[in-house]
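Spelled out from the first residue to the last, the chains are:
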Amino acid sequence: MHSNRKGDVMLKYVLKRLGYILVTLWVIVTCTFFMMKNLPGTPFDAERFSIMTPQQQERVLEMYGLNDSLPMQYVKYIKNMLKGDLGTSFTYVNQDVSKVITGRLGPSALIGIQAVLIGLAIGLILGILAAWKHNSGIDYLTMILAVLGVSVPNFVAAALLQYYIGLKWGVLPVGFWTGWNCSVLPSIALSFSATAMVARFMRTEMLDVLDQDYIVTARAKGLSQMKVLMRHAVRNSILPVVTILGPIVVNLMTGSLAVENIFSIPGIGSLFVDCIKANDYPVIMGITIFYAAFYMLIVLLVDLAYSLIDPRIRLAKGKES
């Protein structure tokens, strides 16, 4: 009976959050649609379009639905979006927007996942070492690296890695997409900020946990420093990292806009930049919807994971309901 009640509470919470997600998506789509229509220029080549006859121009505009009034274009777009139709790309002729985006998703997903794993692994290690060796050289060095990781933009890190590791030392490719090794430098460049954030949060939380009474009790029982650290301190310090995992993942996806262009990676980031230059409205809208939905889904999953890890949050949700 108790487990059924907890399941009902969780289901209600998820449905409520999904409702918020749908409303937020509608607001984002609406704002993006009208702002995008105010972009200067047109999606067509100005020289070629100008030499067309008025009848030809009218047919082209009618083909893409651009001769309708702006409110009518908006209504049509929303109706088609609800059917799963994001339109046809202007730049990639006769290709659906969904196919254009999915065709570029692989490289972006690969460097994003690798950057998250690198950031988590190195950040956790640095944060644990900094807290364990508090006020030591390791601690100070970790905090310096964390400040640099947050302060240095990922495109600057990408350029430095490209020059030294790619060009000067010749260890890894400096660009293009010919194999897995081409994803290493972009992933490292993207992971800098994630590593810094994870290290700072882990260090701060571990310093607080190490002062708790149960840590003192564990030490009094004769447990070694390593066992106290791994069994108690690390386990109870990991929650803040779970909290910031959602924003980290999304920041890495959006941060790849510049990095993908620097390394000439055919991902969603470079596609987004190219389509903005070409005023390819349907693809811009499709990628915006993808990013927004991805962000809110990740935040929801992280929130659910956090509530499963921490029993106090489950209890709070149960009382609210």
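Look a little higher up for the structure.
Just so it is clear, the structure is predicted and the values come from calculations on it, not from any experiment. (Residues numbered from 1 in each chain as written. Predicted model: local features only at pLDDT ≥ 70, side-chain atom pairs only at ≥ 80, totals over all residues. Heavy atoms only, no water.)

A.B. asks: What is the right way to look at the overall build of the chain in this model?
C.D. replies: The secondary structure content of the chain amounts to 14 helices and zero strands. Its helices and strands in sequence order give the chain the pattern α-α-α-α-α-α-α-α-α-α-α-α-α-α, from N to C terminus. Looking at the chain as a whole, 39% of its 321 residues qualify as buried. In the chain, the share of contacts with a sequence separation of at least 24, taken over all contacts with a separation of at least 6, comes to 72%. Accessible surface computed for the chain: about 18000 Å², of which carbon and sulfur atoms make up 66%. (Helix = DSSP H or I, 4+ residues; strand = E, 2+ residues; numbered from the N terminus. Buried < 20%, exposed > 50% of the residue type's maximum accessible area, 1.4 Å probe, protein only. Contact = heavy atoms within 4.5 Å. Areas by Shrake-Rupley, 256 points an atom, 1.4 Å probe, with all protein chains shown as cover.)

A.B. asks: I tried to follow the environment of Leu 172 on my own but got confused; where do I start?
C.D. replies: Its place among the elements puts Leu 172 in the loop between helix H7 (154–168) and helix H8 (184–209). By relative accessible area, Leu 172 is classed as partly exposed at 21%. Residues Leu 172 and Cys 182, spaced ten residues apart in sequence, show a C-alpha to C-alpha distance of 7.1 Å. The contact partners of Leu 172, leaving out residues within four places of it in the chain, are Ile 165, Gly 166, Asn 181, Val 184 and Leu 185.

A.B. asks: What's the story with the environment of Leu 39 in this structure? I'm lost.
C.D. replies: By secondary structure assignment, the location of Leu 39 is in the loop between helix H1 (2–37) and helix H2 (46–50). Under the relative-accessibility criterion, Leu 39 is labelled partly exposed at 31%.

A.B. asks: Can you walk me through the nonpolar core in this structure?
C.D. replies: The biggest cluster of nonpolar side chains holds 35 residues, and the ones touching the most others in it are Met 206, Leu 229, Ala 233 and Leu 252. Mapped by element, the contributors of at least two residues to this core are helix H5 (97–132), H7, H8, helix H9 (213–220), helix H10 (225–237), helix H11 (239–262) and helix H13 (281–309). With residues up to four places along the chain from it excluded, the contact list for Leu 229 reads Ile 128, Trp 132, Met 206, Leu 210 and Val 234. Within the second largest apolar cluster, 23 residues are counted, among which are Leu 66, Ile 101, Tyr 281 and Ile 287. (Core = buried A, V, L, I, M, F, W, Y, C linked by side-chain atoms within 4.5 Å.)

A.B. asks: Is there a simple way to think about H5 in this case?
C.D. replies: Note that an α-helix has 3.6 residues per turn; residues three or four places apart therefore point the same way. Its 36 residues place the ends of H5 51 Å apart at the C-alpha level, agreeing with the 52 Å of an ideal helix rising 1.5 Å per residue. The axis of H5 is deflected most strongly, by about 40°, at Leu 105, and proline Pro 107 appears within four residues downstream. (Expected span 1.5 Å × (residues − 1). Bend = angle between axes of the 7 residues up to and from the residue.)

A.B. asks: In this structure, what is going on with the packing of H5 against helix H12 (residues 268–277)? I would like to understand it.
C.D. replies: Each pair of packed helices can be summarised by the angle the axes make with each other and by the distance between the axes. In the contact formed by H5 and H12, the axes pass within 7 Å of each other and the chain directions differ by 135°. Considering their axes alone, H5 and H12 lie oblique with respect to each other. Counted together, Val 100, Ile 101, Arg 104, Leu 105 and Ser 108 of H5 and Ile 268, Gly 269, Ser 270 and Leu 271 of H12 form the full contact between these two elements. Per-class residue counts for the contact of H5 with H12 are five nonpolar, three polar and one charged. (Axes fitted to C-alpha atoms, helices over the stretch in contact; angles between N-to-C directions. Parallel < 35°, antiparallel > 145°, perpendicular 65-115°, else oblique. Nonpolar A, V, L, I, M, F, W, Y, C, P; charged D, E, K, R; others polar.)

A.B. asks: Would you take a moment to explain a nonpolar patch on the surface for this structure?
C.D. replies: Residues Phe 155, Val 156, Leu 160, Tyr 163, Tyr 164, Leu 167, Trp 169 and Val 171 make up a contiguous nonpolar surface patch of about 830 Å² in total accessible area. Within the element layout of this structure, Trp 169 appears in the loop between H7 and H8. (Patch = residues over 30% accessible without salt bridge, like charges linked within 9 Å, V, L, I, M, F, W, Y side chains within 5 Å. Salt bridge = Lys/Arg side-chain N within 4 Å of Asp/Glu carboxyl O.)

A.B. asks: Looking at this structure, how should I read the environment of Val 259?
C.D. replies: With respect to the element layout, Val 259 can be found in helix H11. Distance from Val 259 to Ala 159, taken between C-alpha atoms, is 8.8 Å for residues 100 residues apart in sequence. Once you skip the residues sitting within four places of it in the chain, Val 259 turns out to touch Asn 154, Ala 158, Pro 186 and Leu 190.

A.B. asks: What is the right way to read the pattern of salt bridges from this model?
C.D. replies: Where charged atoms of side chains with opposite charge meet at close range, the side chains can pair. Considering all chains together, one arrives at one salt bridge under this definition. Across the pair Asp 139 and Arg 203 runs a salt bridge, and its minimum N-O distance is 2.6 Å. Linking Asp 139 in helix H6 (residues 137–151) with Arg 203 in helix H8, this pair joins segments that are 64 residues apart in sequence. Looking at Asp 139, the relative accessible area reads 1%, which means it is buried.

A.B. asks: Could you clarify how one ought to interpret the side chain of Thr 32 in this entry?
C.D. replies: Within the secondary structure layout, Thr 32 lies in helix H1. Residue classification places Thr 32 among the buried residues on the basis of a relative accessible area of 15%. Within the local environment of Thr 32, its side chain forms a polar contact with the backbone oxygen of Ile 28, the two atoms lying 2.7 Å apart. (Polar contact = N/O pair within 3.5 Å; in protein donor to acceptor, adjacent residues only side chain to side chain.)

A.B. asks: Can you help me understand H6 in this one?
C.D. replies: In a regular helix each residue adds 1.5 Å, so 15 residues correspond to 21 Å; H6 covers 21 Å between its end C-alpha atoms and thus fits that length. Turning to H6, its buried residues number three or more, namely Asp 139, Thr 142, Ala 146 and Gly 149. Summarising the axial view, the buried residues of H6 lie within an arc of 90°, below the 170-degree limit, and thus occupy one face. Facing away from the buried surface of H6 by more than 90 degrees, the exposed residues are Gly 137, Val 147 and Ser 151. Tucked into the core, H6 has its buried residues touching H5 and H8. (Arc of directions from axis to C-beta.)

A.B. asks: Please explain unusual backbone geometry as it appears in this structure.
C.D. replies: Note: most peptide bonds trans; most residues except glycine with negative phi. The backbone of Asn 135 shows a phi angle near 65°, a positive value even though the residue is not glycine. Inspection of the secondary structure assignment puts Asn 135 in the loop between H5 and H6. Notably, Ser 264 is not glycine yet its phi reads approximately 55°, a positive angle. Assignment of secondary structure puts Ser 264 in the loop between H11 and H12.

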